[in-house]
Amino acid sequence: MKSNFVKVAIGAALLATTALAAPTAASAKTLVYCSEGSPEGFNPALYTAGTTFDASSRQVFNRLVQFKRGTTTIVPGLATSWDISADGTEYTFHLREGVKFHTTGDFTPTRDFNADDIMFTFMRQWSKDHPYNGVSGGSYEYFNSMSMPDLIKDIVKVDDYTVKFVLNRPEAPFIANLAMDFASVLSGEYADNMLEAGTPENVDLNPVGTGPFQLVQYQKDAVIRYKANPDYWEGPAAIDNLIFAITPDSTVRYQKLKAGECHVMPYPNPADLAAMEADADVNLMSQEGLNVGYLGYNTEKEPFTKAEVRKALNMAINKEAIIEAVYQGAGAVAKNPLPPTIWSYNNDTVDDPFDPEAAKKMLADAGYPDGFTTDIWAMPVQRPYNPNARRMAEMIQADWAAIGVTAEIVSYEWGEYLERTKQGEQGTFMLGWTGDNGDPDNFLAVLLGCDAVGSANRSRWCNDEFDGLIQQAKTTADVLERTRLYEEAQTVFKREAPWATIAHSIVFEPIRNEVVDYKIDPFGGHIFYGVDIKE
Amino acid sequence: MLGFLLRRLGDIIPTFFGVTLLVFFLIRLIPGDPILMMAGERGVDAVRYAELQAQYGFDQPVIVQYYHYLVGVFQGDLGRSFVTKKPVFEEFMTLFPATVELSIMGILFAVIIGLPLGVIAAIKRGTIVDHTTMTISLTGYSMPIFWWALLLIMFFSTTLGWTPVSGRLSIFYYIEPVTGFMLIDTLISGEKGAFVSALRHLILPTIALGTIPMAVIARMTRSSMLEVLGEDYIRVARAKGLAPMRVIMVHALRNALIPVITVIGLQVGVLLAGAILTETIFSWPGIGKWIVEALGRRDYPTIQGGILMIAFLMMSVNLLVDLLYGVINPRIRHRR
């Protein structure tokens, strides 16, 4: 009798340990995301890669203002509201109360989120004297590339729940910049503790945020584990655990999705798309990406100084054929320099028709009846906005040959290519852009503004009418007025044709059928708050 | 013996220097400025560029940079990755056990399957068994690893569902790395089923990685066995009436093994090269994938450190082997 009791007791104990051994399997909801690589680190201010943002800012942190999931619309985040001074140079943010930071192995917060955390986050990046400025390499590339150091005049803590940013000049896109990953709010208290302990770099390795998920474990090149933050201010996530299974090969990612080893995967191999479409277990989502791939003309070089020549060359390019051959269908013809997912996209723009005969005539009228000789620079790398620049260059070369223009294809190593095109060595060149903050300014001013000649404006196109419109839009806070200005700027752009706008690539996201409420992020991110799994 | 050891060490030091020189300067010959690569389309202004140059030490003459690098290496400091900002040595040590674990399994698979196959083919020379075995091994040798690996995944994981697709352990097990060897760590953790899961995850990568060495070993064993089987002493042994099994296993195989063992040693290099592809496909967190990624990003410290560590380990293994030869064969010890 006694021995039976012992046996039963041991059996029960064993069962209990087995149940404990796999706690995530049965009771809790776990979503597995087959991510494409390891993050560079866990402080989004220090890095620029989307892979890093997926693992950090998009799950662990919040920002003062945020993008509404699946859109480029700005909504309140850690700030409940904000006021902009009449001259557009002072932004006062009213902070949300009762927001808790994560409790981790390194840190137990003693206070709620407040203005000190905002001060820490931005002063670290802005002030060279801040004790954290040089920690973990101290390079804040996005903060710099969005011109924040020149833009910010001062950051003032008004009280515990009010912070004021003073700018050197009015800049309407500033608010959108604050929704970007680099502006993710870190805990000032945690930073103080780590500085005292002599391990400040822990702040960037073991993140403490206010976001919907908190980091539990990271094994380089293998796995990242998160658990839902039970105190999250928007309410706890529908899933209990989030796991990133790092899977670099795109075909293998699909095999894992098929086998049920993950629920969501990014960046499918174009060759697998047809199979995914036919797969009953998989829902292949798609959306136009926040990007544009284009062919630019060096408008300072003959004969591209003439708008009629540029227009004629545009009309000779068969974009439909390029979408078919280069994008393998995963692209949409671009008529504006902005993607349609950005507000102020001008739907009324009429694209240059594909008409080689008319193009030839136009070229003759412009003084080139026998055509001319030029070059097409093709990028050596694959980018989301242009999967195969070489192939695209060959197709355009053939199209132009049909109207008597002889073009030689030129390419350089990537760093060299970027540098030389910046210097303006090219006749025509291929490049593209992926949006940072969803603001039209981020495309129009960055790529086509007069200030950007010699940097990102590689067409070296400086048109007073266009530039006047975008400068005015930059200093106007009213969104309706800005929309009107940008729409007009797009009309000028189309008339003057500094680029041949080729395509916006289409982003595909295969997810398993049991995944509910997943939304494609226009910024190319992968966001799991708000996503659920059907039992 | 001490003299022999010193002579061998004397060879190692210049080799080590040579490797540091090679990796340091060859990397800098690859076109591509790491700072411009990192900046991409966004670009970087001149002031910031100069700042970053100074931060990475690129503003100094290359020879000075090399000197600083060398001083660091002798103090055990391989520098910090440009990308993750973490010490290269630390990253190497985190990832290396995964590569070693996979390589050991790969070579075990190659020997355990390849050796008997070769022996059988030699004994059954000219028969259908011989032809089949050699055709299989030739096919194995000729197959590109990435393609073979994908086929294995599609067949065994997706279609049959017998093995996991990729990774080192089911994500439902939460194991803190102790040794970095998953088989050992799962045993230590005591979590039920974790060890089996780790083993199951090893099956396909082991086959993918071990196939080429297996084919080489099988072919080498076959030809070596055929040579030995023709020797007079085998005929004598058979004439004495020894059991055929004993003739093959004791008299023939032992002597046939000498060249085979040399080949097995050479396969270690092949394994490391194969590990790069195998690791990428099977999402295996090892050093092969790590170095290739670093190359793409022009992460100089990681590339330099990674290659130097591999070279250092290979040299150490070679030194050990040489010393062992010396212990076994006094003639090697006293030559020169």
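Residues numbered from 1 in each chain as written. Chains lettered and ligands numbered in written order. Predicted model: local features only at pLDDT ≥ 70, side-chain atom pairs only at ≥ 80, totals over all residues.

## Looking at the overall build of chain A
- Scanning chain A from terminus to terminus reveals 18 helices and 19 strands.
- Each of the three principal axes of chain A carries a C-alpha extent, and together these read 105 × 55 × 40 Å.
- Burial analysis of chain A (535 residues in total) assigns 51% to the buried set.
- Taking the intrachain contacts of chain A between residues at least 6 apart in sequence as the baseline, contacts between residues at least 24 apart amount to 70%. (Helix = DSSP H or I, 4+ residues; strand = E, 2+ residues; numbered from the N terminus. Buried ≥ 20, exposed ≤ 12 C-beta atoms within 10 Å, placed from the backbone. Contact = placed C-beta atoms within 7 Å.)

## Overview of the overall build of chain B
- Within chain B one finds 14 helices and zero strands.
- Secondary structure elements of chain B, listed N to C terminal, follow the sequence α-α-α-α-α-α-α-α-α-α-α-α-α-α.
- In terms of principal-axis extent, the alpha carbons of chain B reach across some 85 × 60 × 40 Å.
- Evaluated residue by residue, chain B yields a buried proportion of 36% over its 336 residues.
- For chain B, contacts bridging at least 24 residues in sequence account for 71% of all contacts bridging at least 6.

## Focus on the interface of chain B and chain A
- Contact residues are listed per partner, giving 39 residues for chain B and 44 residues for chain A.
- Counting residues per element, the side of chain B that touches chain A draws most heavily on helix α7 (residues 145-159) of chain B, which supplies five residues.
- Its residues placed into classes, the side of chain B that touches chain A shows 18 nonpolar, eleven polar and ten charged. (Nonpolar A, V, L, I, M, F, W, Y, C, P; charged D, E, K, R; others polar.)

## Quick word on the domain arrangement of chain B
All names here are of chain B.
- The domain boundaries assigned to chain B delineate domain 1 (15-74) and domain 2 (88-335).
- Computed from C-alpha atoms alone, the centre-to-centre distance between domain 1 and domain 2 is 36 Å.
- Facing the ten residues of domain 1 at the interface are ten residues of domain 2.
- Sorting the residues of the side of domain 1 that touches domain 2 by element identifies α1 (2-29) and α2 (34-39) as the ones contributing at least two each.
- Of the residues forming the side of domain 1 that touches domain 2, the biggest block, seven residues, is contributed by α1.
- In terms of residue class, the side of domain 1 that touches domain 2 is built from seven nonpolar, three polar and no charged. (Domains from an automatic or database assignment.)

## Some thoughts on the sheet that holds strand β4 (residues 79-84) of chain A
Residue and element names in this part refer to chain A.
- If you trace the four strands from one edge of the open sheet to the other, you get β4-β5-β7-β6, paired in antiparallel fashion. Since the sheet does not close on itself, it has two edges, and those belong to β4 and β6 (152-159), each with one partner. The average undirected angle you get between the axes of adjacent strands in this sheet is 20°.
- In the sheet, strand β5 (residues 90-95) pairs with strand β7 (residues 162-167) via five bridges, with the strands oriented antiparallel. Counterpart to His94 in the pairing with β7 is Thr162.
- The strands touched by helix α3 (residues 115-126) are β5, β6 and β7; relative to β6, the strand with the most contacts, the crossing angle is about 165°. (Pairing = 2+ DSSP bridges. Axes fitted to C-alpha atoms, helices over the stretch in contact; angles between N-to-C directions.)

## Considering the sheet that holds strand β10 (residues 241-245) of chain A
Residues and elements named next belong to chain A.
- Strand order in this open sheet of four strands is β1-β10-β9-β8, and the pairing throughout is mixed. The sheet is open, and its two borders are formed by β1 (30-33) and β8 (213-219), each paired with just one other strand. Taken over all neighbouring pairs, the strand axes of this sheet differ in orientation by 20° on average, direction set aside.
- With four bridges joining them, β1 and β10 adopt parallel strand pairing. Paired with Tyr33 across the strands is Phe244, a residue of β10.

## A word on the environment of A:Leu444
Residues and elements named next belong to chain A.
- With respect to the secondary-structure elements, Leu444 resides in helix α16 (residues 441-448).
- In this structure Leu444 comes out as buried when scored by C-beta crowding, with 27 C-beta atoms within 10 Å.
- It is 7.3 Å that separates the C-alpha atoms of Leu444 and Ile470, two residues lying 26 residues apart in sequence.
- With residues up to four places along the chain from it excluded, the contact list for Leu444 reads Pro337, Ile470, Tyr486 and Ala489.

## Concerning unusual backbone geometry
Residue and element names in this part refer to chain A.
- A cis amide bond links Glu302 with the next residue in sequence, Pro303, at an omega value of -5°.
- Mapped onto the fold, Pro303 is located in the loop between β12 (291-297) and α11 (307-316).
- In the Ramachandran plot, Asp221 falls in the positive-phi region, its phi being about 60° despite a non-glycine side chain.
- We classify Asp221 as buried; it has 22 C-beta atoms within 10 Å.
- Its identity as a non-glycine residue notwithstanding, Arg460 has a phi of 55°, on the positive side.
- Turning to its location among the elements, Arg460 is positioned in the loop between α16 and α17 (464-474).

## Digging into the packing of α7(B) against helix α9 (residues 194-229) of chain B
Residue and element names in this part refer to chain B.
- At a minimum axis separation of 9 Å, α7 and α9 run at an interaxial angle of 150°. In terms of their interaxial angle, α7 and α9 are classed as roughly antiparallel. The crossing of α7 and α9 is right-handed. Note on element contacts: α9 touches α7 through Leu204, Ile207, Ala208 and Thr211, opposite Ile145, Trp148, Ala149, Leu152, Ile153 and Phe156.
- Taken together, the residues of the contact of α7 with α9 break down into nine nonpolar, one polar and no charged. (Parallel < 35°, antiparallel > 145°, perpendicular 65-115°, else oblique. Left-handed = near helix turned anticlockwise from the far one by under 90°.)

## Quick look at the packing of α9(B) against helix α11 (residues 244-281) of chain B
Residue and element names in this part refer to chain B.
- At their nearest, the axes of α9 and α11 sit 8 Å apart, and the two run at 160° to each other. Relative to α11, the element α9 lies roughly antiparallel. Between α9 and α11 lies a crossing of right-handed hand.
- Partitioned by chemical class, the residues of the contact of α9 with α11 number 20 nonpolar, six polar and no charged.

## Some thoughts on the pairing of strand β16 (residues 428-434) of chain A
All names here are of chain A.
- When you tally the buried positions in β16, you get seven out of seven residues, the bulk of the element.
- Bridge count for β12 against β16 is seven bridges, and the pairing is antiparallel. Within the sheet, the bridge partner assigned to Asn291 lies in β16 and is Thr434.
- In this structure, strand β14 (residues 373-377) lies alongside β16, joined through two bridges in parallel fashion. Considered in β16, the bridge of Trp377 is made with Phe429.

## What to know about α1(B)
- For α1(B), which comprises 28 residues, the first-to-last C-alpha distance of 41 Å matches the rise-based estimate of 40 Å (1.5 Å per residue) to within 8%.
- Burial analysis of α1(B) places just one of its 28 residues in the buried class, a small minority of the element. (Expected span 1.5 Å × (residues − 1).)

## As for the nonpolar core
- Grouped together as the largest cluster of nonpolar side chains are 150 residues, with contacts concentrated most on A:Tyr33, A:Ala245 and A:Met430.
- A total of six residues in this core trace back to one element, the largest contributor, which is α16(A).
- Excluding residues that lie within four positions of it along the chain, A:Tyr33 makes contacts with A:Leu242, A:Phe244, A:Cys262, A:His263, A:Val264, A:His526 and A:Phe528.
- Core analysis: the next-biggest nonpolar cluster, separate from the first, contains 55 residues, B:Val83, B:Phe92, B:Ala256 and B:Ile291 among them. (Core = buried A, V, L, I, M, F, W, Y, C linked by C-beta atoms within 7 Å.)

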